[in-house]
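Single-letter residue listing:
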Amino acid sequence: MNSAAAKARAAELGLVMGRANLEAFADTLLALAKTDRQIVAVTSDSRGSGKLGPFGQALPQQIVEVGIAEQNLVGIAAGLASCGKKVFAVSPACFLTARSLEQVKNDVAYSDNPVRLVGISAGVSYGALGTTHHSLHDFAALRAINNLTIVVPADNYETREAVKAAAASDHPVYLRFGKAALYTLPGADTQPFSVGRARVLRAGNDVAFIGTGETVIHCLLAAAELEATAGLQCRVISLPTLKPLDAAAVLAAARECRAVVTAEEHLVNGGLGEAVAGVIAQAGIGTRFTIVGIPDEYTVTGSQADIFRHYGLTMEGLSRTALALLNLRSQI
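The notes below deal with the structure included here.

1. As for the pattern of salt bridges
So, step 1. In this structure the tally under the stated criterion is 14 salt bridges.
So, step 2. The partner of Arg19 in a salt bridge is Asp27, and the shortest N-O contact between them spans 2.5 Å.
So, step 3. Taking relative accessible area as the criterion, Arg19 reaches 34% and is therefore assigned partly exposed.
So, step 4. By relative accessible area, which is 39% here, Asp27 ends up partly exposed.
So, step 5. As a salt-bridge pair, Asp138 and Arg176 come within 2.8 Å of each other at their nearest N and O atoms. Here Asp138, found in helix α7 (residues 138–143), pairs with Arg176, found in strand β7 (residues 173–176); they are 38 residues apart in sequence, far enough to count as distant. Each member of the pair, Asp138 as well as Arg176, carries the same accessibility label: buried.
So, step 6. Via salt bridges that share partners, Arg9, Glu12 and Glu225 belong to a single interconnected network.

2. Considerations on the packing of aromatic side chains
So, step 1. Applying the stated criterion across every chain, the model contains 2 aromatic pairs.
So, step 2. Ring centres 6.4 Å apart and planes at 45° place the aromatic pair Phe25 and Phe88 in the tilted group. Of the two residues, Phe25 is situated in helix α2 (residues 21–35) and Phe88 in strand β4 (residues 86–92); the sequence distance between them amounts to 63 residues.
So, step 3. Judged by relative accessible area, Phe88 falls into the buried class, the value being 0%.
So, step 4. An aromatic cluster is defined as three or more aromatic residues linked by ring pairs; in this entry it consists of Phe25, Phe88 and Phe177.
So, step 5. The ring centre of Phe88 lies 5.8 Å from the NZ or CZ of Arg116, which sits over that ring.

3. Things to note about the sheet that holds strand β13 (residues 259–267)
So, step 1. Pairing is mixed across the open sheet formed by 5 strands, whose spatial order is β9-β11-β10-β13-β14. Looking at which strands have only one partner, the edges of the open sheet turn out to be β9 (199–202) and β14 (288–294). With direction set aside, neighbouring strand axes in the sheet form an average angle of 20°.

4. What about the packing of helix α1 (residues 4–12) against helix α9 (residues 216–230)?
So, step 1. Two elements in contact, α1 and α9, have axes whose closest approach is 10 Å; the angle formed by their N-to-C orientations is 85°. Comparing their axes, α9 and α1 come out roughly perpendicular. Mapping the contact onto sequence places Ala6, Arg9 and Ala10 in α1 and Leu221, Ala224, Glu225, Ala228 and Thr229 in α9.
So, step 2. Taken together, the residues that form the contact of α1 with α9 break down as 5 nonpolar, 1 polar and 2 charged.

5. Concerning the side chain of Glu264
So, step 1. In this structure, Glu264 sits in strand β13.
So, step 2. Not counting residues up to four positions away in its chain, the partners in contact with Glu264 are Phe139, Thr215, Gly271, Leu272, Gly273, Ile291, Val292, Gly293, Ile294 and Leu313.

6. Details of the pairing of strand β2 (residues 39–43)
So, step 1. Here β2 lies mainly inside the structure; 5 of its 5 residues are buried.
So, step 2. Of the two faces of β2, the one holding Ile39, Ala41 and Thr43 and the one holding Val40 and Val42 are both buried throughout.
So, step 3. Where β2 and β4 come together, 5 bridges link them in parallel fashion. When the bridges of β4 are listed, Thr43 appears paired with Val90.
So, step 4. Where β2 lies against strand β3 (residues 63–65), 3 bridges are found, and the strand directions are parallel. Directly across from Thr43, in β3, lies its bridge partner Glu65.
So, step 5. Read from β2 through helix α3 (residues 53–58) to β3, the crossover connection turns out right-handed.

Scoring rules and cut-offs
- Residues numbered from 1 in each chain as written.
- Predicted model: local features only at pLDDT ≥ 70, side-chain atom pairs only at ≥ 80, totals over all residues.
- Heavy atoms only, no water.
- Salt bridge = Lys/Arg side-chain N within 4 Å of Asp/Glu carboxyl O.
- Buried < 20%, exposed > 50% of the residue type's maximum accessible area, 1.4 Å probe, protein only.
- Helix = DSSP H or I, 4+ residues; strand = E, 2+ residues; numbered from the N terminus.
- Phe/Tyr/Trp six-rings, centres within 6.5 Å; stacked < 30°, edge-to-face > 60°.
- Lys NZ or Arg CZ within 6 Å of the ring centre and 35° of its normal.
- Pairing = 2+ DSSP bridges.
- Axes fitted to C-alpha atoms, helices over the stretch in contact; angles between N-to-C directions.
- Parallel < 35°, antiparallel > 145°, perpendicular 65-115°, else oblique.
- Contact = heavy atoms within 4.5 Å.
- Nonpolar A, V, L, I, M, F, W, Y, C, P; charged D, E, K, R; others polar.
- Right-handed = clockwise from strand over helix to strand, strands pointing away.

What follows is the structure, given as structure tokens:
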């Protein structure tokens, strides 16, 4: 969370701070693996960073360490999956989706081996380690590969349900997790997680905020801020599944709201925003629209919070973007 004002707004909404999605992933995977010996974790020197230490201690026969060899990681995972194992291949997202892209395309997706590719420390989670360790390309690269579901949970609830769904899937899945502790979002009872479906976290017809992953909480806080300061009623949509995209939810937002703002921890090229724009444009809907993400430039150096603040991926930044789209003066 970037500011005291954002924390205060979260408190007003009654939001409770959970853990990092990565921790929720590791706990859920361990619980599943204890009752299913077919579940195997394969890591590329990522047992610690993937929070899989307890998994390895509890189930040493169900974890494979390949070392810093991401291409081998994916190849081995595909081989195990072809033999009936339920494989979770865990590696930093920046390397898993670039260094191993050929193996992901051919050994996993083209061959329809149901590997669960788990990209950890995603987006700009590595902070000051910089562009070499940022995964700002993974949506663009993986959206272009057939037969690969892309899931980007926004809180611990979405994470737990996504891991369960991935374990039950007969086809390849990419799961993306960051390192930051996250608030638990509302709506688990009324808007349950389902692969391929959006979750509408807040109703409204002024501005629709559409986010995925760790940007969703900032969209929710921006909507609350705009209601309190400008009287706007903003819709907030979490898209935990980037592919397949819930086109119906996107089209409803474009038709019913005065403006649409997408927010993603990814380059503005080839990610959530362009996917949403494609749906809207092909339907012939004319609406005010903008993409908030990382621009096509050398990314600034700093923590994840610093980078989010610099590029407007915060309550304040998203609020100002929405007001500008509606040609309203910002007091934020």
